[in-house]
Amino acid sequence: MQLTVTTWNINSVRLRIDLVLRFLAEHKPDVLCLQETKCPDDAFPLKALRGSGYEHVMFAGQKGYNGVAILSRFPLHTRAVMGFCERQDARHISAVLGPEAGAAAGIVLHDFYVPAGGDVPDRDLNPKFAHKLDFLSELRAWGGKRVSGPAILVGDLNVAPLEHDVWSHKQLLDVVSHTPVETEALEVLRGEAGWIDAARHLTPEPEKIYTWWSYRSPDWSAANKGRRLDHAWVSPDLAGTVRKVEVLREARAWERPSDHAPVTLTLEL
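This one's a predicted model, so the numbers in the text were calculated from it and none came from an experiment.

### A closer look at unusual backbone geometry
Between E205 and P206 the backbone carries a cis peptide bond, its omega angle lying at 15 degrees. Look at E86: it is not a glycine, yet its phi comes out positive at around 60 degrees. The exposure class assigned to E86 is exposed, which follows from its relative accessible area of 86%. Positive phi is not limited to glycine here, since R256 has a value of about 50 degrees. Looking at where R256 falls in the secondary structure, it is placed in the loop between β13 (242–247) and β14 (263–268). Its relative accessible area of 56% is what places R256 among the exposed residues.

Here is the structure:
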């Protein structure tokens, strides 16, 4: 069977519910993982999403910022939410695909939203950057202890780790999301835990891959100054099943879009 899992930083699920419903109708992934839902749990648009054919929904949110959610065609079990840096700020949710998922049954799905880190890449001058580095450090500690069995980790990790994950490696070395301290932290934690970067597994450098284009660019498409901030990783036992990783760039041009595009991982199980 094929299993398709999409990750998308939606930048407010209520504001962009029509875009979510459009994506689900047109592309029909088996699982959609959202980040930055910006929605408290009691206001989550559960009815609209279930009405689109995704009966199985788990979410963790708060008012105004952060927030993660998993929507699935298959039943989800074992909801879990981790807190990092002594905060409960809705940056992670996980679930297990139930027996009804066939060959995909038992796969653990992790949906993460890593802190963006602000604008100044100095932990002493910028508490947001310090928080990001501490979050990545705790994620490293968790990953080294917990990754076992078939698992998928997706989300807005807010780091473009490789040279060709940004439009200009040289110009962005001192820009948050591509500084050496961030890129090294992400690659070390990924490598230690054994996660496979599915996009680069299929499309090695030097080919450019972007998933995010700034709102600040007056013509983002022509300028194409993107970064690969959204990731799909698989556990080693799933590496041989990876068939595609697709970035739906056209969604960045939809009306009132998120600045992130949906990224879809396809496995052949």
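Having seen the model, we can carry on.
### Some thoughts on the sheet that holds strand β5 (residues 76–80)
Spatially, the 6 strands line up as an open sheet ordered β5-β6-β7-β8-β12-β9, and their pairing is mixed. Each having just a single partner strand, β5 and β9 (196–197) make up the two edges of the open sheet. Two elements, strand β8 (residues 151–156) and strand β12 (residues 230–234), share 5 bridges in a ladder whose sense is antiparallel. Bridge pairing links V154 to A232 in β12.

### Here's the deal with the packing of aromatic side chains
All chains considered together, the criterion is met by 9 aromatic pairs. Three or more aromatic residues joined by ring pairs make a cluster, and in this case those are F84, F112, F135 and W142. Above the face of the W167 ring, K225 is positioned so that its terminal group lies 4.5 Å from the ring centre.

What counts, and where the lines are drawn
- Residues numbered from 1 in each chain as written.
- Predicted model: local features only at pLDDT ≥ 70, side-chain atom pairs only at ≥ 80, totals over all residues.
- Heavy atoms only, no water.
- Buried < 20%, exposed > 50% of the residue type's maximum accessible area, 1.4 Å probe, protein only.
- Helix = DSSP H or I, 4+ residues; strand = E, 2+ residues; numbered from the N terminus.
- Pairing = 2+ DSSP bridges.
- Phe/Tyr/Trp six-rings, centres within 6.5 Å; stacked < 30°, edge-to-face > 60°.
- Lys NZ or Arg CZ within 6 Å of the ring centre and 35° of its normal.

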